[in-house]
Amino acid sequence: MNNNCYEPLYFSGAKCSLKKSIEKNTTGIFESYCYNEICLPTFDGTDSSDMAIPLAKAFSAELIDCILPERVFCLGNTFSEKAILGRDVGEISLAGVGIAGESNPKADAEVISVMINSLLGIGMTEFTIGISNAGFLHGLANDLGVDEAELKSLIAENNAEKIKAFANKNGADSEVEAFILSIPTLFGDLNIYDEINM
(Lines give C-alpha, C1' and ligand atoms only; values in the text may rest on other atoms or scores of the structure.)
Protein backbone atom coordinates (compact mmCIF):
# COMPACT_ATOMS: atom_id res chain seq x y z
CA MET A 1 0.00 0.00 0.00
CA ASN A 2 1.40 3.39 -1.01
CA ASN A 3 0.79 5.96 1.72
CA ASN A 4 1.67 9.54 0.81
CA CYS A 5 0.24 11.05 3.99
CA TYR A 6 2.35 13.16 6.29
CA GLU A 7 4.21 11.28 8.97
CA PRO A 8 2.80 12.43 12.33
CA LEU A 9 4.96 13.44 15.26
CA TYR A 10 4.39 11.25 18.30
CA PHE A 11 5.64 12.22 21.72
CA SER A 12 5.04 10.19 24.84
CA GLY A 13 6.32 10.08 28.38
CA ALA A 14 9.51 12.03 28.93
CA LYS A 15 9.60 13.39 25.37
CA CYS A 16 6.09 14.80 25.71
CA SER A 17 7.00 16.40 29.05
CA LEU A 18 10.15 17.88 27.53
CA LYS A 19 8.21 19.31 24.58
CA LYS A 20 5.63 20.89 26.91
CA SER A 21 8.41 22.28 29.12
CA ILE A 22 10.18 23.83 26.12
CA GLU A 23 6.91 25.40 24.95
CA LYS A 24 6.22 26.79 28.45
CA ASN A 25 9.73 28.20 28.82
CA THR A 26 9.66 29.69 25.32
CA THR A 27 6.29 31.33 26.03
CA GLY A 28 7.69 32.81 29.25
CA ILE A 29 10.70 34.23 27.42
CA PHE A 30 8.58 35.81 24.69
CA GLU A 31 6.20 37.29 27.27
CA SER A 32 9.15 38.73 29.24
CA TYR A 33 9.90 40.83 26.13
CA CYS A 34 6.24 42.03 26.04
CA TYR A 35 5.20 39.86 23.11
CA ASN A 36 1.56 38.71 23.12
CA GLU A 37 0.54 35.24 21.99
CA ILE A 38 -1.54 34.82 18.88
CA CYS A 39 -3.12 31.49 17.89
CA LEU A 40 -2.83 30.62 14.21
CA PRO A 41 -4.84 28.04 12.27
CA THR A 42 -3.09 24.75 11.59
CA PHE A 43 -4.26 24.92 7.97
CA ASP A 44 -4.84 28.28 6.34
CA GLY A 45 -4.92 27.48 2.63
CA THR A 46 -1.36 28.53 1.89
CA ASP A 47 1.58 26.34 0.95
CA SER A 48 3.87 27.36 3.79
CA SER A 49 6.27 25.25 5.81
CA ASP A 50 6.72 27.99 8.40
CA MET A 51 4.54 30.51 10.19
CA ALA A 52 5.52 33.61 8.20
CA ILE A 53 2.54 33.66 5.82
CA PRO A 54 -0.13 32.78 8.45
CA LEU A 55 1.39 35.37 10.81
CA ALA A 56 1.31 38.02 8.07
CA LYS A 57 -2.33 37.14 7.36
CA ALA A 58 -3.15 37.48 11.06
CA PHE A 59 -1.47 40.90 11.12
CA SER A 60 -3.53 42.13 8.20
CA ALA A 61 -6.86 40.55 9.22
CA GLU A 62 -7.07 40.22 12.99
CA LEU A 63 -4.66 42.86 14.24
CA ILE A 64 -5.78 45.66 11.93
CA ASP A 65 -7.41 47.58 14.80
CA CYS A 66 -4.44 47.22 17.16
CA ILE A 67 -2.29 50.14 18.19
CA LEU A 68 0.96 49.65 16.32
CA PRO A 69 3.60 48.50 16.75
CA GLU A 70 2.18 45.23 18.06
CA ARG A 71 4.56 42.52 19.27
CA VAL A 72 3.22 38.98 18.87
CA PHE A 73 4.45 35.41 19.10
CA CYS A 74 3.03 32.06 18.12
CA LEU A 75 3.75 28.43 18.90
CA GLY A 76 2.33 25.59 16.90
CA ASN A 77 2.73 22.88 14.35
CA THR A 78 3.05 23.29 10.62
CA PHE A 79 3.49 20.90 7.75
CA SER A 80 6.18 20.42 5.12
CA GLU A 81 7.01 17.80 2.53
CA LYS A 82 10.72 18.65 2.72
CA ALA A 83 13.17 16.42 4.55
CA ILE A 84 13.88 17.68 8.03
CA LEU A 85 16.59 16.23 10.23
CA GLY A 86 17.44 13.65 7.60
CA ARG A 87 13.98 12.14 7.19
CA ASP A 88 10.73 13.05 5.51
CA VAL A 89 8.73 14.58 8.31
CA GLY A 90 5.44 16.21 7.51
CA GLU A 91 4.65 17.87 10.84
CA ILE A 92 7.07 20.09 12.73
CA SER A 93 6.70 22.31 15.79
CA LEU A 94 7.70 25.94 15.40
CA ALA A 95 7.84 29.15 17.37
CA GLY A 96 7.86 32.61 15.85
CA VAL A 97 7.84 36.26 16.82
CA GLY A 98 7.01 39.37 14.86
CA ILE A 99 6.38 43.08 15.17
CA ALA A 100 3.46 44.48 13.20
CA GLY A 101 3.77 48.08 12.12
CA GLU A 102 7.56 48.29 12.26
CA SER A 103 9.79 47.89 9.24
CA ASN A 104 13.27 48.99 10.17
CA PRO A 105 16.63 47.50 11.17
CA LYS A 106 15.98 48.13 14.88
CA ALA A 107 12.79 46.01 14.81
CA ASP A 108 14.59 43.30 12.82
CA ALA A 109 17.42 43.28 15.37
CA GLU A 110 14.92 43.03 18.23
CA VAL A 111 13.17 40.02 16.70
CA ILE A 112 16.49 38.27 16.04
CA SER A 113 17.65 39.03 19.60
CA VAL A 114 14.43 37.67 21.11
CA MET A 115 14.71 34.47 19.08
CA ILE A 116 18.37 33.98 20.04
CA ASN A 117 17.57 34.56 23.72
CA SER A 118 14.66 32.11 23.53
CA LEU A 119 16.98 29.41 22.16
CA LEU A 120 19.60 30.15 24.83
CA GLY A 121 16.84 30.16 27.45
CA ILE A 122 15.85 26.57 26.69
CA GLY A 123 19.45 25.41 26.85
CA MET A 124 20.45 25.42 23.18
CA THR A 125 24.01 26.54 22.65
CA GLU A 126 24.62 25.54 19.03
CA PHE A 127 22.22 26.88 16.40
CA THR A 128 22.15 28.81 13.16
CA ILE A 129 20.05 31.88 12.49
CA GLY A 130 18.76 32.29 8.94
CA ILE A 131 17.97 35.82 7.79
CA SER A 132 15.97 36.44 4.66
CA ASN A 133 13.76 39.07 3.12
CA ALA A 134 10.33 38.10 1.83
CA GLY A 135 10.46 41.04 -0.57
CA PHE A 136 13.60 39.73 -2.28
CA LEU A 137 11.90 37.12 -4.49
CA HIS A 138 8.92 39.40 -4.98
CA GLY A 139 11.22 42.10 -6.34
CA LEU A 140 13.16 39.65 -8.50
CA ALA A 141 9.93 38.24 -9.97
CA ASN A 142 8.65 41.77 -10.67
CA ASP A 143 11.94 42.78 -12.32
CA LEU A 144 11.81 39.71 -14.55
CA GLY A 145 8.07 40.01 -15.17
CA VAL A 146 7.46 36.41 -14.11
CA ASP A 147 5.16 34.55 -11.73
CA GLU A 148 6.59 34.71 -8.19
CA ALA A 149 5.18 31.33 -7.14
CA GLU A 150 6.76 29.63 -10.16
CA LEU A 151 10.11 31.31 -9.48
CA LYS A 152 9.97 30.31 -5.82
CA SER A 153 9.15 26.71 -6.74
CA LEU A 154 12.06 26.53 -9.20
CA ILE A 155 14.51 27.89 -6.65
CA ALA A 156 13.30 25.45 -4.00
CA GLU A 157 13.64 22.55 -6.44
CA ASN A 158 17.13 23.77 -7.43
CA ASN A 159 16.98 22.04 -10.83
CA ALA A 160 19.52 23.69 -13.15
CA GLU A 161 17.88 22.47 -16.36
CA LYS A 162 14.45 23.75 -15.35
CA ILE A 163 15.91 27.10 -14.27
CA LYS A 164 17.72 27.44 -17.61
CA ALA A 165 14.52 26.65 -19.49
CA PHE A 166 12.61 29.14 -17.33
CA ALA A 167 15.25 31.83 -17.94
CA ASN A 168 15.20 31.22 -21.72
CA LYS A 169 11.40 31.22 -21.84
CA ASN A 170 11.28 34.57 -20.04
CA GLY A 171 14.14 36.22 -21.92
CA ALA A 172 16.52 36.43 -18.96
CA ASP A 173 20.20 36.77 -19.78
CA SER A 174 22.93 34.37 -18.62
CA GLU A 175 23.87 36.61 -15.68
CA VAL A 176 20.30 36.49 -14.30
CA GLU A 177 20.16 32.75 -14.93
CA ALA A 178 23.43 32.26 -13.01
CA PHE A 179 22.12 34.42 -10.17
CA ILE A 180 18.89 32.40 -9.88
CA LEU A 181 20.95 29.19 -9.82
CA SER A 182 23.10 30.63 -7.01
CA ILE A 183 20.21 31.60 -4.70
CA PRO A 184 20.01 28.22 -2.87
CA THR A 185 23.72 28.53 -2.01
CA LEU A 186 23.52 32.04 -0.57
CA PHE A 187 24.02 31.30 3.09
CA GLY A 188 26.87 31.86 5.52
CA ASP A 189 28.19 34.82 7.45
CA LEU A 190 27.67 38.51 6.68
CA ASN A 191 30.19 38.34 3.84
CA ILE A 192 27.51 36.66 1.76
CA TYR A 193 26.03 40.10 1.10
CA ASP A 194 29.18 41.03 -0.80
CA GLU A 195 28.40 38.21 -3.25
CA ILE A 196 24.93 39.55 -4.00
CA ASN A 197 25.58 42.15 -6.69
CA MET A 198 23.17 41.90 -9.54
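Thresholds, definitions, all that
All residue numbers refer to positions counted from 1 along the written sequence of the respective chain. Where totals are concerned, whole chains, interfaces and linings use all residues; where local detail is concerned, this predicted model gives features only for residues with pLDDT of at least 70, and gives and counts side-chain atom pairs only at 80 or more. Side-chain numbers come from the whole structure's heavy atoms, not from hydrogens or water. In DSSP terms, a helix is any run of H or I states spanning at least four residues, a strand is any run of E spanning at least two, and both are numbered starting from the N terminus. Any residue under 20% of the maximum accessible area for its type is buried, any over 50% is exposed, and the rest in between are partly exposed; the area is computed with a 1.4 Å probe on protein chains only. Polar contact is the term for a pair of N or O atoms within 3.5 Å; when the atoms are in protein, one must be able to donate a hydrogen and the other to accept it, and sequence-neighboring residues count only if both atoms are side-chain atoms. Here, residues are in contact when the closest pair of their heavy atoms is within 4.5 Å. Only the contacting stretch of a helix is used when fitting its axis, a line to C-alpha atoms as for every element, and angles between N-to-C directions run 0 to 180 degrees. To sort the angles, those under 35 degrees are grouped as roughly parallel, those over 145 as roughly antiparallel, those from 65 to 115 as roughly perpendicular, and the leftovers as oblique. Confidence per residue, as judged by the predictor, is encoded in pLDDT with a range of 0 to 100. Each residue after the first adds 1.5 Å to the expected span of a helix.

## Quick notes on the side chain of Ser-118
- If you trace the backbone, Ser-118 turns up in helix H3 (residues 105-121).
- Take Ser-118: its relative accessible area is 4%, and that puts it in the buried class.
- Looking at Ser-118, its side chain comes within polar contact range of the main-chain oxygen of Met-115, at 2.7 Å.
- For Ser-118, the residues in contact, after removing those within four places along its chain, are Ile-29 and Phe-30.

## Digging into the packing of helix H5 (residues 148-157) against helix H6 (residues 160-169)
- Where H5 contacts H6, the axes come no closer than 10 Å and their chain directions differ by 150 degrees. It follows that H5 is roughly antiparallel to H6 by the angle criterion. Residues Glu-150, Leu-151, Leu-154 and Glu-157 of H5 touch H6, and the partners they reach there are Lys-162, Ile-163, Phe-166 and Lys-169.

## A short note on the confidence of the model for the chain
- Taken residue by residue, the chain gives an average pLDDT of 76. The fraction at 70 or more is 74%.
- Across residues 1-8 the pLDDT falls below 50, and counting only partners more than four positions away or on other chains, this stretch makes 9 contacts in the model.

## Here's the deal with unusual backbone geometry
- Unusually for a residue other than glycine, Cys-34 sits at a positive phi of about 70 degrees.
- Its location among the elements puts Cys-34 in the loop between helix H1 (13-32) and strand S1 (36-37).
- Under the relative-accessibility criterion, Cys-34 is labelled exposed at 57%.

## Quick look at H1
- The end-to-end C-alpha distance of H1, which contains 20 residues, comes to 29 Å, matching closely the 28 Å that a straight helix rising 1.5 Å per residue would cover.
- In the stretch just after H1, Cys-34 is the one whose phi turns positive, near 70 degrees.

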